[in-house]
Amino acid sequence: MSETLATIQVSLPGGKARTVPVGTRVLDLLADLGAEIARSAVAARLDGVLVDLSRPVRGDCTIEPVLPGSEDALQVLRHSTAHATAQAVQELFPDTRIGQGPVIENGFYYDFDRDKPFSEEDLAAIEARVAEIVRRDLTIERLDLPRAEAIALFEKEREPYKVHFATTKGEDTVSVYRQGGWTDFCRGPHVRSTGQLRAFKLLSVAGAYWLGDEKNRMLQRIYGTAFFTQEELDAHLRLLEEARRRDHRKLGRELGLFSFHAEAPASPFFHPRGALIYNRLIAYVRELYARYGYAEVITPQIFDASLWRRSGHYEHYRENMFFTEVDEREYAVKPMNCPSHCLMYSEGRHSYRELPLRLADFGRLHRYELSGVISGLTRVRSFSQDDAHIFCTPEQIQAEVASVIRMILECYAQFGFEVRIALSTRPAQRAGSDEFWNRAETALEAALVASGHSFTVQPGDGAFYGPKIDFFVRDALRREHQLGTVQLDYVLPERFDLHYWDAADQEQRPVMIHRAMLGSLERFFGILVEHCGGAFPLWLAPEQVRVLSITERAAGYAQQVGERLRGAGLRAEADLRNEKIGAKIREAQIQKVPFMLVVGDREAAAGTVAVRSRKDGDRGSATLEEFLAGVLKSNEQKHNE
Ligand SMILES: [Zn+2]
Ligand SMILES: [Zn+2]
């Protein structure tokens, strides 16, 4: 046709297409989409790959702008802010060497090698310098250099960490980004110029080993975040502040819920108030078990190592287990309940009529976690799960999984969590026949569709022994946590040679479903403390009502009120101290007691109480029986009050 060698076809959003000379920059193509898009775009996707706007186009392709408001744009903005931070650090502290600076969830970090740690004042000065670099509006250039040239460049700049990357990463050519004479080894992409950076904040400094290896030198990691608008940044900083206020380690101490002791590293001690909440959680799960047909079992803590060889844990999970030796036999403390439930199942002959068999176990588990990853209740060495195993026929998988999903969604709704669900399907390396996988995946998917809840599919993310469903919840601070899982297992019934007899009296292999709702109760406890900021709903609160006497004369009546409440099954205490009533109220408020009943001479004479709630203060006067009826109803129905 025409002299096509010099021109190419570019498809743009909205069905637009253009013929342009080879080498046209992406940015010039975006001009076709309007001045506003061309002005605000921070990068583009070229045939799906994120690229700089300055990238020349070499062949027929599709181009989409990356605009503020998208996750892509935020990542580019944050990484470009990380570069400006590193430039600022080296301008202010020229003897500092730069490590790496990736984007992370909610922000970015950059690692620096400097003998003297950065102080709070240093951080403020660096932030001010970043603002100045933004004002300079430096053009950000990409250079594709032959590897040897890039290495020589970083050697000349005395940047050993960058030499390491230029040597070990990239292809024959290595990309380098330059802004105002400052260079960094980087894959990009970046915004066009530092003037495109918007709202940012440097948050903290912490030590971090080079490449995460404790044998390496300790670098200093500066954490920061960036957004396209000041409003978004302010909202994020408010959330961070709230998260600090709600930190479960801090609240756990203040509310007297739990403690840790060096004698049992990373193993929580629940104090009376904490244990009360913990046991209320278990009681709630037991209510669900009663309705959803689970049978609870109790199994041993320590098993002969042969059990773990048989289950495969000895081979694959050994580093996470605690061992002990008795009578010259090797024993292991259980890290999970599954093998003991298999032993239980193997006892006796099961007809298909007995299935499904749903065995629940709150047994204490022990897993060795490195001390480096231990922080509060998030990862502990001693914990228990709301763990259960369902043994069923292949035909029953779908109905069983559907029932598990209903129970899990009911449970999360009780705590006011938003839920996200993901289905993970067969990985390349797997056990079991295609027939098993086809049936299992189809059953899980059908159960999810029937639940009416949306879900995503993560192809290839299943375990090697079966597909799984993961449940994620979003807490009050918009943070996501993985809680529940439903996992199909073909391998353990095989390893333990489990059977059932079908209608034709033929031996068949049952399917095992591992499932947990809250997961580790310790970890859930920590999530819940932060989700409700220590203000536990009435039905979980360790102290539900506190009676406060105004005068010593009213002490007797206050005591009677407390007894009446306790007699009705509520957790109530009376504060009879000779203190000002304002101070007593403040204290109960700090301890987040849901209801306070203030009583003086008038209340004693009339048999009434002045009701205060921690949420909305004074609720006026009521007879004791009126108040009691309302609270009992809320407690029984588990209103999230
Ligand atoms: Zn970079
Ligand atoms: Zn299990």
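Read on for an overview of the structure. Only a predicted model underlies this, so the values are computations on that prediction, with no experimental measurement involved.

### Quick word on the coordination of the zinc ion (ligand 1)
Summarising the metal site, the zinc ion (ligand 1) is bound by the protein donors H79 (NE2), H83 (NE2) and C186 (SG), whose distances to it range over 2.0 to 2.3 Å. Here the donor residues for the zinc ion (ligand 1) map to a single chain with the spacing H-x3-H-x102-C. In this pair, H79 and H83 both sit in helix α3 (residues 71-92), 4 residues apart, roughly one turn of the helix.

### A short note on the nonpolar core
Of all hydrophobic cores here, the largest spans 63 residues; its most connected members are Y294, V401, Y412, F415, I469, F471 and F536. Broken down by element, the residue count for this core peaks at 10 residues, all from helix α13 (residues 397-414). Contact partners of I469, with chain neighbours within four places excluded, come to V401, I405, I421, A422, L423, L444, L448, G484, T485 and V486. In this structure, A73, F93, F118 and L202 belong to the second largest nonpolar core, which totals 38 residues.

### Re the sheet that holds strand β9 (residues 140-146)
In spatial order, the strands read β9-β10-β11; together these 3 strands make up an open sheet with antiparallel pairing. Taken across any chain shown, the strands that pair with only one partner, and hence form the sheet edges, are β9 and β11 (182-185). Strand-to-strand twist in this sheet, taken as the mean axis angle between neighbours without regard to direction, amounts to 30°. Here α3 sits on the sheet and contacts β10 (173-179) and β11; the angle it forms with β11, its principal contact strand, is near 130°.

### Comments concerning the pairing of strand β8 (residues 107-113)
Regular strands have side chains that alternate between both faces of the sheet. Within β8, 7 of the 7 residues are buried, which leaves it mostly tucked inside the rest of the structure. Here strand β6 (residues 97-98) runs beside β8; their pairing, made up of 2 bridges, is antiparallel. Counterpart to R97 in the pairing with β8 is D113. Direction of pairing for strand β7 (residues 103-104) relative to β8: antiparallel, over a ladder of 2 bridges. Residue pairing for β8: V103 is matched across the bridge by F108. Connecting the antiparallel pair β7 and β8 is a turn made up of 2 residues, with N106 showing a positive phi of about 70°. As paired strands, β8 and strand β13 (residues 218-227) are joined by 5 bridges and run antiparallel to one another. Residue pairing in the sheet places D111 in a bridge with R221 of β13.

### Considerations on the environment of H514
Note on placement: H514 falls in strand β29 (residues 511-520). Along the sequence, H514 and R430 sit 84 residues apart, while their C-alpha atoms lie 17 Å from each other. Apart from the residues within four sequence positions on either side, H514 is in contact with C338, A388, H389, T485, V486, Q487, D489 and L492. At 2.8 Å, the side chain of H514 forms a polar contact with the side chain of D489.

### Brief notes about the pattern of salt bridges
Here the structure, examined in full by the defined rule, presents 51 salt bridges. For R246, the salt bridge goes to E242, with nearest N and O atoms at 2.6 Å. Of this pair, R246 and E242 both sit in helix α7 (residues 230-246), 4 residues apart, roughly one helical turn. For E522, the salt bridge identified is with R364, shortest N-O distance 3.1 Å. With E522 in helix α16 (residues 521-531) and R364 in strand β21 (residues 364-366), this residue pair connects regions lying 158 residues apart in the sequence.

### Let's talk about the packing of α3 against helix α4 (residues 120-136)
In the contact formed by α3 and α4, the axes pass within 8 Å of each other and the chain directions differ by 110°. Here α4 runs roughly perpendicular to α3, going by the angle between their axes. The handedness of the crossing between α3 and α4 is right-handed. Contacts from A84, T85, Q87, A88, V89, E91 and L92 in α3 reach A125, I126, R129, V130, I133 and R136 in α4. When the residues that make up the contact of α3 with α4 are grouped by side-chain class, the tally is 8 nonpolar, 2 polar and 3 charged.

### Structural notes on the coordination of the zinc ion (ligand 2)
Note on the zinc ion (ligand 2): its protein donors are C338 (SG), H389 (NE2) and H514 (ND1). The metal-donor distances range over 2.0 to 2.3 Å. Site description for the zinc ion (ligand 2): donor spacing in sequence, C-x50-H-x124-H. Here C338, found in helix α12 (residues 338-346), pairs with H514, found in strand β29; they are 176 residues apart in sequence, far enough to count as distant.

### What to know about helix α9 (residues 272-292)
Compared with the 30 Å implied by 1.5 Å per residue over 21 residues, the 30 Å span of α9 between its first and last C-alpha is a close match. Among the residues making up α9, those that are buried are G274, I277, Y278, L281, I282, Y284, V285, L288, Y289 and Y292. Seen along its axis, α9 keeps its buried residues to an arc of 150°; they face one direction. Summarising the geometry of α9, the exposed residues directed more than 90 degrees from the buried face are P272, A290 and R291. Just past α9, the residue G293 takes up positive phi, approximately 75°.

### A closer look at the packing of aromatic side chains
Taken as a whole and judged by the stated rule, the model has 30 aromatic pairs. Consider the rings of Y412 and F471, whose centres lie 6.4 Å apart with planes at 80°: the pair is edge-to-face. Taken together, the residues span a long stretch of sequence, with Y412 in helix α13 and F471 in strand β25 (residues 468-474) at a distance of 59 residues. Since its relative accessible area comes to 0%, Y412 is described here as buried. Overall, the relative accessible area of 0% leaves F471 in the buried class. Both rings, one in F415 and one in F524, keep their centres 5.1 Å apart while their planes meet at 70°; by these two values the pair is edge-to-face. Of this pair, F415 sits in the loop between α13 and β23 (418-424) while F524 sits in helix α16, and the two are 109 residues apart along the sequence. Note on accessibility: F415 and F524 belong to one class, buried. Following the ring pairs from residue to residue traces out a cluster consisting of F258, F260, F270, Y278, F525 and F536.

### Regarding unusual backbone geometry
Of the consecutive residues G188 and P189, the connecting peptide bond is found in the cis state with omega at -5°. Here P189 lies in the loop between β11 and β12 (199-209). The residue after L355, namely P356, is reached through a cis peptide bond having omega 0°. Its place among the elements puts P356 in the loop between α12 and β20 (357-361). With phi around 50°, D137 is a residue other than glycine that occupies positive phi space. Structurally, D137 is set in the loop between α4 and β9. Positive phi, close to 55°, is recorded for K592, a residue that is not glycine. The residue K592 is located in the loop between α18 (581-590) and β32 (595-599) in this model.

### Looking at the environment of Y331
Along the polypeptide, Y331 turns up in strand β19 (residues 329-333). Owing to a relative accessible area of 16%, Y331 belongs among the buried residues under this scheme. Taking the C-alpha atoms as reference points, Y331 and A629, separated by 298 residues in sequence, lie 53 Å from one another. Leave out the neighbours within four places in its chain, and Y331 touches I302, F303, D304, A305, F322, F323, T324 and V326.

The rules behind each value
- Residues numbered from 1 in each chain as written.
- Chains lettered and ligands numbered in written order.
- Predicted model: local features only at pLDDT ≥ 70, side-chain atom pairs only at ≥ 80, totals over all residues.
- Heavy atoms only, no water.
- Donors = N, O, S within 2.8 Å, 3.2 Å for Na, K, Ca; no water.
- Helix = DSSP H or I, 4+ residues; strand = E, 2+ residues; numbered from the N terminus.
- Core = buried A, V, L, I, M, F, W, Y, C linked by side-chain atoms within 4.5 Å.
- Buried < 20%, exposed > 50% of the residue type's maximum accessible area, 1.4 Å probe, protein only.
- Contact = heavy atoms within 4.5 Å.
- Pairing = 2+ DSSP bridges.
- Axes fitted to C-alpha atoms, helices over the stretch in contact; angles between N-to-C directions.
- Polar contact = N/O pair within 3.5 Å; in protein donor to acceptor, adjacent residues only side chain to side chain.
- Salt bridge = Lys/Arg side-chain N within 4 Å of Asp/Glu carboxyl O.
- Parallel < 35°, antiparallel > 145°, perpendicular 65-115°, else oblique.
- Left-handed = near helix turned anticlockwise from the far one by under 90°.
- Nonpolar A, V, L, I, M, F, W, Y, C, P; charged D, E, K, R; others polar.
- Expected span 1.5 Å × (residues − 1).
- Arc of directions from axis to C-beta.
- Phe/Tyr/Trp six-rings, centres within 6.5 Å; stacked < 30°, edge-to-face > 60°.

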